[in-house]
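Reading the structure
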Amino acid sequence: MTFKELGLAEPILKALKEENYTNPTPIQEQSIPILLQGKDLLGVAQTGTGKTAAFGIPILHHLYQGISLRQNKRKVKALIVTPTRELAIQIGESFTAYGKYTGLKNTVIFGGVKQAKQVNELRAGVDILIATPGRLLDLMNQGFISFRDLKFVVLDEADQMLDMGFIHDIKKIIAKLPPKRQSLFFSATMPKTIVELSRKILGDFERVTIKPRQATAEKVEQGVYFVSKANKTNLLVYLLEKRPNDSVLVFSRTKHGANKIVKKLGQANISSAAIHGNKSQTARQKALGAFKDGALKVLVATDIAARGIDVDDLALVINFDLPNVSETYVHRIGRTGRANASGIALSFCMAEERPYLRDIEKLINQQVPRLGEHPFMDELSEQETTPRRPTGRSKNSNSNKSSNSSRNSNRNRNRNRNRNKNRNTNSGSSTKKD
Ligand code: AMP
């Protein structure tokens, strides 16, 4: 199927061509026809699947075709609510790209910065508003936004908005929207609270599901290293030194942990920056901008800050810590291998993280390949790495005797080297909590 066959307006087709989008992704192929018919939609999908274009293109098409720009020119006709500033900015960029030739204007509003510029943009008039919930409600309450002309609402990453405690804000926002509208609701997971929320928002809807398994298994090459906590940084430095020209996104479970990784990388002469909730918006945007441009090769992020980050040519994602919520793993590795690209996701797993790995494998319905040896093996990682795994699971497992023996001698060599290294660099840190 091509975009042309979907019957989209010419200016949108022209813009998509410039973006080098030739064929719709599965979520686009399934959602766009439903949305062009004016129906509500429940999309179970995460970022990285082409979700933004799946909702953005039909909205632009409707606004361009059906609504007289002269009559309600620059009145908010479409609202997209999304959890983080980064996602909001990214969605704004996508609308600008896909709507380049439509004459429609979008603006993005989010918290953490002064409101004056955003208020001025709203006063000047916009057709499409992209917003995070807190600032949106704030500006609504101050009387800067009218939804009288609203025809489309999108709730993006609903489960994350719920996790971030935005549920009440969302309900208040929805209550202020005209009942006659087309509603779109996207969530990566569908726990009970999300199902209930979707029922409140959607009318008669159609459902489209893009399983995480498709995103992970088909496009991203995955692997896990068993490594002790004390050796995680050494292994990270080792892997980064092997790929000095690649853009690498490193995930840390905590903000403090992210700062610590940046510091340790600095000591190894690898420049990196951290993005997380304690960094100012300016610092976050600066780091993200440098990373997207390729000026900064290593970005260390927590999940909230990184969700939905879209970086062209992101070669590698490293899970420095395994997430305790399995779906987060899918979100993380979805940062690489986006749309039609392929990517690599490596995870570090220490003994305490084994249960997380098991849960992840259950969710994605596959075993994450064990990567075996690395120069920072210690007793713990060896126990985990040495094949003692369930019968015949991995074809790639180390079944070859001769390679095992050479590996063993390497292992001993490495072990000695690491002991020395640990003594120098990691003394006492193995039991300290992040
Ligand atoms: P999203 O899930 O919306 O964040 O999109 C993930 C990435 O896929 C972004 O880099 C998009 O630019 C890209 N993308 C979306 N749709 C297509 C398409 N049909 N063909 C090629 N790339 C696409």
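Just above, that's the structure.
A brief look at the structure comes next. From a predicted model like this one, the values you see are computed outputs, not experimental measurements.

Turning to the sheet that holds strand S7 (residues 205-209), a few remarks are in order. Read across the sheet, seven strands follow the order S3-S4-S2-S5-S6-S1-S7 without closing on themselves; strand pairing throughout is parallel. Pairing within the sheet leaves two strands with one partner each, and these edge strands are strand S3 (106-109) and S7. Across the sheet, the mean angle separating the axes of adjacent strands is 15° when strand polarity is ignored. The pairing of strand S1 (residues 40-44) with S7 spans five bridges and is parallel.

With respect to the helices, strands and loops of the structure, Leu-60 is situated in helix H3 (residues 51-65). Of the residues examined, Leu-60 reaches a relative accessible area of 1% and is grouped as buried. Sequence spacing of Leu-60 and Tyr-98 is 38 residues, and the spatial spacing of their C-alpha atoms is 7.9 Å. Not counting residues up to four positions away in its chain, the partners in contact with Leu-60 are Ile-12, Phe-95, Tyr-98, Gly-99, Thr-102, Leu-104 and Ile-128.

Take unusual backbone geometry next. At Asn-20, a residue that is not glycine, the phi angle is positive and equals roughly 65°. Here Asn-20 lies in the loop between helix H1 (10-18) and helix H2 (26-36). Of note in the backbone geometry, Glu-157 takes a positive phi value of approximately 50° without being a glycine. Among the structural elements, Glu-157 can be located in the loop between strand S5 (152-155) and helix H7 (158-163). For Glu-157, a relative accessible area of 1% translates into the label buried.

Let us now look at the site of the ligand. By nearness alone, 16 residues border the ligand, and Tyr-21, Gln-28, Gly-48, Thr-52 and Asp-310 come closest of all. Tyr-21 places a side-chain nitrogen or oxygen 2.4 Å from an oxygen atom of the ligand. At 2.7 Å, a side-chain N or O of Gln-28 approaches a nitrogen atom of the ligand. A total of 500 Å² of accessible area belongs to the ligand in isolation, and the protein chains cover 88% of it.

Attention shifts here to the sheet that holds strand S11 (residues 298-301). The sheet built from six strands is open, its strands ordered S8-S13-S12-S9-S11-S10 with parallel pairing. Two strands in the sheet have a free side with no partner beyond their single neighbour: strand S8 (220-226) and strand S10 (272-275). For this sheet, the mean inter-axis angle between neighbouring strands, taken without regard to orientation, is 20°. Here strand S9 (residues 247-251) pairs with S11 via four bridges, running parallel. Residue Val-250 lies in a different strand from S11, and its bridge partner there is Val-300. Of the strands in this sheet, S8, S9, strand S12 (314-319) and strand S13 (343-349) are in contact with helix H15 (residues 326-333), which crosses S12 at around 155°.

Cut-offs applied
- Position numbers for residues start from 1 in each chain and track the written sequence from start to end.
- In keeping with the model being predicted, local features are shown solely for residues with a pLDDT of at least 70 and side-chain atom pairs are shown and tallied solely at 80 or more, while totals for entire chains, interfaces and linings include all residues.
- Think of the side-chain values as coming from all heavy atoms in the structure, minus any hydrogens and water.
- Pairs of strands are assigned from DSSP output, requiring at least two bridges between the strands.
- Numbering goes from the N terminus for both helices and strands, where a helix is a DSSP run of H or I of at least four residues and a strand is a run of E of at least two.
- Interaxial angle, 0 to 180 degrees, is taken between N-to-C directions of lines fitted to C-alpha atoms, where a helix line uses only the stretch in contact.
- Partly exposed describes any residue whose relative accessible area lies between the buried limit of under 20% and the exposed limit of over 50%, with all areas from a 1.4 Å probe on protein chains only and scaled to the type maximum.
- Working rule for contacts: check all heavy atoms of both residues, and any pair within 4.5 Å makes them a contact.
- The near set for a molecule or strand comprises every residue that places at least one heavy atom within 4 Å of it.
- Two N or O atoms count as a polar contact when they lie within 3.5 Å, although within protein this holds only if one can serve as hydrogen donor and the other as acceptor, and sequence-adjacent residues are included solely when both atoms are side-chain atoms.
- Each accessible area value is a Shrake-Rupley result obtained with a 1.4 Å probe; residue values ignore everything except the protein chains displayed when judging cover.

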